[in-house]
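# Observations on the three-dimensional arrangement
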Protein chains: 2
Amino acid sequence: QLTSGQRRCSCTEKGSNFIQQKDLGKIEVIPKSSSCDHVEIIATMKSTGEQRCLNPNSKWVKKMMTALINKRSSQSTHR
Amino acid sequence: QLTSGQRRCSCTEKGSNFIQQKDLGKIEVIPKSSSCDHVEIIATMKSTGEQRCLNPNSKWVKKMMTALINKRSSQSTHR
């Protein structure tokens, strides 16, 4: 599902509309550029290290990302 | 500014409140976990490959991330 190299989109498919958040290690967001005409969202699973493309136009994916970013930090120094 | 290893937060400092979007290669979002009690946002610069921690509690950073994710894809297959 992932292509290597820098000259194209990393995801060859539309990507998943849902992902298990429990096993989520990290999410990469790649802005659109001259190499790829749309934003790409790639999730890495914690347990397996597997990378999975997420559908950047999925409502669930957008909501999940927004919730992740807007979660309050528990460190007062980060406020 | 970045620590290696998996057992702690990756960012040792609060992180930047702003970043040049023009040179932005990708953004990694690491959800909070047993290793780190808050979400971390790490930007990689396109030209230098330099990694920079962003302040997850910065209003500008949150807005930028939300805008990035909600940008319309220009590929109809991604809608």
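Residues numbered from 1 in each chain as written. Chains lettered and ligands numbered in written order. Predicted model: local features only at pLDDT ≥ 70, side-chain atom pairs only at ≥ 80, totals over all residues. Heavy atoms only, no water.

### Observations regarding the state of the cysteines
Residues and elements named next belong to chain B. As a reminder of what qualifies: By convention in this document, the label disulfide applies to cysteine sulfur atom pairs within 2.5 Å. Runs of H or I in DSSP of at least four residues are treated as helices and runs of E of at least two as strands, each being numbered from the N terminus. Under the scheme applied here, a residue whose accessible area is under 20% of the maximum for its type counts as buried, over 50% as exposed, and between as partly exposed, the area being computed with a 1.4 Å probe on protein chains only.
Applying the stated rule across the entire model yields four disulfides over all chains. Sulfur-sulfur distance for the disulfide between Cys 9 and Cys 36 comes to 2.1 Å. Judged by the sign of its S-S torsion, about 100 degrees, the bond between Cys 9 and Cys 36 is right-handed. Residue Cys 9 is located in the segment before β1 (24-30), and its partner Cys 36 is located in the loop between β1 and β2 (40-45); the two are separated by 27 residues in the primary sequence. As far as the burial class goes, Cys 9 and Cys 36 line up, both buried. Shown here for chain A is a disulfide pattern of 1-3, 2-4, where each number marks a bonded cysteine counted in sequence order.

### A few points about the packing of helix α1 (residues 59-70) of chain A against helix α1 (residues 59-70) of chain B
What describes two packed helices is the angle between their axes and the distance between those same axes. Spelled out, the test is: All axes here are fitted lines through C-alpha atoms, helices being fitted over the stretch that makes contact, and every angle between N-to-C directions spans 0 to 180 degrees. Our angle categories are set so that under 35 degrees counts as roughly parallel, over 145 as roughly antiparallel, 65 to 115 as roughly perpendicular, and the remainder as oblique. Working rule for contacts: check all heavy atoms of both residues, and any pair within 4.5 Å makes them a contact. All amino acids are sorted into three groups, where Ala, Val, Leu, Ile, Met, Phe, Trp, Tyr, Cys and Pro are nonpolar, Asp, Glu, Lys and Arg are charged, and the leftover types, Gly among them, are polar.
Contact geometry for α1(A) and α1(B): axes closest at 10 Å, N-to-C directions at 170 degrees. Judged on the interaxial angle alone, α1(B) and α1(A) are roughly antiparallel. Listed contacts from α1(B) to Lys62(A), Met65(A), Ile69(A) and Asn70(A) of α1(A) are Lys62(B), Met65(B), Ile69(B) and Asn70(B). Partitioned by chemical class, the residues of the contact of α1(A) with α1(B) number four nonpolar, two polar and two charged.

### Overview of the interface of chain B and chain A
Formally: Criterion for a salt bridge: a side-chain nitrogen of Lys or Arg within 4 Å of a carboxyl oxygen of Asp or Glu. Polar contact criterion, stated in full: a pair of N or O atoms within 3.5 Å, where within protein one must be able to donate a hydrogen and the other to accept it, and residues adjacent in sequence count only if both atoms are side-chain atoms. A pair of strands is considered paired only if DSSP assigns at least 2 bridges between the two.
Opposite the 30 residues of chain B that make contact, chain A presents 30 residues. On inspection of chain B and its partner chain A, the count reaches two salt bridges. Taking the shortest distance from any N to any O, the salt bridge between Glu28(B) and Lys26(A) comes out at 2.7 Å. At the boundary of chain B with chain A, the tally comes to four residue pairs in polar contact (both at pLDDT 80 or more). Residue assignment for the side of chain B that touches chain A shows that the elements contributing at least two residues are β1 and α1 of chain B. Residues belonging to the side of chain B that touches chain A are distributed by class as follows: eleven nonpolar, eleven polar and eight charged. Looking at chain direction, strand β1 (residues 24-30) of chain A and β1(B) are connected through three bridges and run antiparallel.

### Describing the side chain of Glu28(B)
You can see Glu28(B) is positioned in strand β1. Given a relative accessible area of 7%, Glu28(B) falls into the buried group. A polar contact of 2.7 Å, which involves the side chain of Glu28(B), links it to the side chain of Lys26(A). Those residues in contact with Glu28(B), other than ones at most four positions away along the chain, are Lys26(A), Ile27(A), Glu28(A), Glu40(B), Ile41(B), Ile42(B), Thr44(B) and Gln51(B).

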